[in-house]
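The chain contents come next:
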Amino acid sequence: MQLSKSDFSYSLPSHLIARKPLPSRTDSRLMVLGAKGYEHRQFRDLIDYLRPGDAMVINDSKVIKARLYAVKDSGGKAEILVERIESETDALCQVAVSKPLKPDRTLDCYGQTIKVIAREGEFYQLRFDRPALEFLDEFGSVPLPPYVRRKAHESDEQRYQTVYADTPGAVAAPTAGLHFDDEFLAEIAAKGVEICRVTLHVGAGTFQPVRVNDLSQHVMHQERYDIPTETVARLSDTDSRVIAIGTTVVRTLESWAQNGQTSGETSLFITPGFKFQVVDALVTNFHLPESTLLMLVSAFYGRERMLAAYEEAVRKGYRFYSYGDAMFVDRQRV
């Protein structure tokens, strides 16, 4: 089946793009997809679809303050977006400047010096004058997605982060997890659902558009993942239903199924026709048109059915993207 980027297009009124979070995490709506149609619920109703013995897998990656504003040594402005931390002091970054930077150029950020080491395709290797995570924590800001169209507020430091975020390294939140608070997680655990963790650090490349129409020519960005020993042991129990909280969890678990590696890099590109080996059900937000994330959820539910579900969500006024509402789909019900 030859697929094109245009096969995953849909129309979304701009007023349905959520530009800020709701007052409480669990205030979101939940659209439940089934074989015979849709159920429109509140997010806390997710517990009605969970069963004792389920394994619910979350991504504990923590968003770092990956956006920096600097001045070039020539005086021009520069905006830096970290893609990934490479070592204690080095990071791979996108740098928005009027002219490309050459090695050994420097950038000034609040009196601190950042050195250009090399250019790698569309990215730059930058070196900070202290540990990179420490530098970002002091001078950086939360890297809100471009479609939010506003600068980060202080409140975003808490709300653009899951309550279970633990391992620093992501530059975009695993947004399906933003709907959970500690109380709801405790209720889910009390029902007999085991909550398991993985880590996948989302890179800024997740917001890069697919630039080729022929999807067989698209190359996914690399992302680091890790699956703890206890999660591997739990998921090896084949009688359990595995529920992924977000597309990052899907890519992590299905990468493990394909390559047998519990830790490493993944560039897995999931499109319709993909054979899922681990994940049975998925909680996810509503994604950008023609994005790799929409392609992944279309593989999970079927392209035509997923696009029809998106049309239904637009009709019902769901909130879209990172701060928006969620959907739940169980492959056993479709």
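All of these numbers come straight from a predicted model, not from anything done at the bench.

Caption draft 1: Spotlight on the sheet that holds strand E15 (residues 263-266). The nine strands are arranged E2-E1-E17-E16-E14-E3-E12-E13-E15 in an open sheet whose pairing can be described as mixed. Only two strands of the sheet have a single partner each, and these edge strands are strand E2 (37-42) and E15. Across this sheet, the average inter-strand angle for adjacent strands is 25°, counted without regard to direction. Pairing of strand E16 (residues 281-285) with strand E17 (residues 326-330) involves five bridges; the strand directions are antiparallel. Directly across from Val 283, in E17, lies its bridge partner Phe 328.

Caption draft 2: Representation of the pairing of strand E13 (residues 223-226). Along E13, the buried face is formed by Glu 223 and Tyr 225; none of Arg 224 and Asp 226, which line the opposite face, is buried. Alignment of strand E12 (residues 194-200) against E13, held across two bridges, turns out to be antiparallel. Along E13, the bridge assignment pairs Leu 200 with Tyr 225. Bridging between E13 and E15 involves four bridges; their strand directions are antiparallel.

Caption draft 3: Highlighting helix H6 (residues 292-301). When you tally the buried positions in H6, you get nine out of ten residues, the bulk of the element. Inspection of H6 places Thr 292, Leu 294, Met 295, Leu 296, Val 297, Ser 298, Ala 299, Phe 300 and Tyr 301 among the buried residues, and these make up the whole buried set. Where H6 is buried, its residues touch strand E1 (29-34), E2, helix H5 (247-259), E16, helix H7 (303-315) and E17. Gly 302 occupies a position one or two residues after H6 and carries a positive phi of about 105°.

Calculation rules
Along each chain, residues carry numbers from 1 onward, in the same order as the chain's sequence is written. Reporting of local features is limited, given that this is a predicted model, to residues whose pLDDT is at least 70; pairs of side-chain atoms are given and counted only at 80 or more, and all residues count toward the totals for whole chains, interfaces and linings. Excluded from the side-chain calculation are hydrogens and water; included are all heavy atoms of the structure. A strand pair is defined by DSSP finding two or more bridges across the two strands. A run of H or I in DSSP becomes a helix once it reaches four residues, and a run of E becomes a strand once it reaches two; helices and strands are each numbered from the N terminus. Axis lines are fitted through C-alpha atoms, for helices just across the contact stretch, and the angle between N-to-C directions can take any value from 0 to 180 degrees. Any residue under 20% of the maximum accessible area for its type is buried, any over 50% is exposed, and the rest in between are partly exposed; the area is computed with a 1.4 Å probe on protein chains only. Whether two residues are in contact is decided by their heavy atoms, any of which lying within 4.5 Å being enough.

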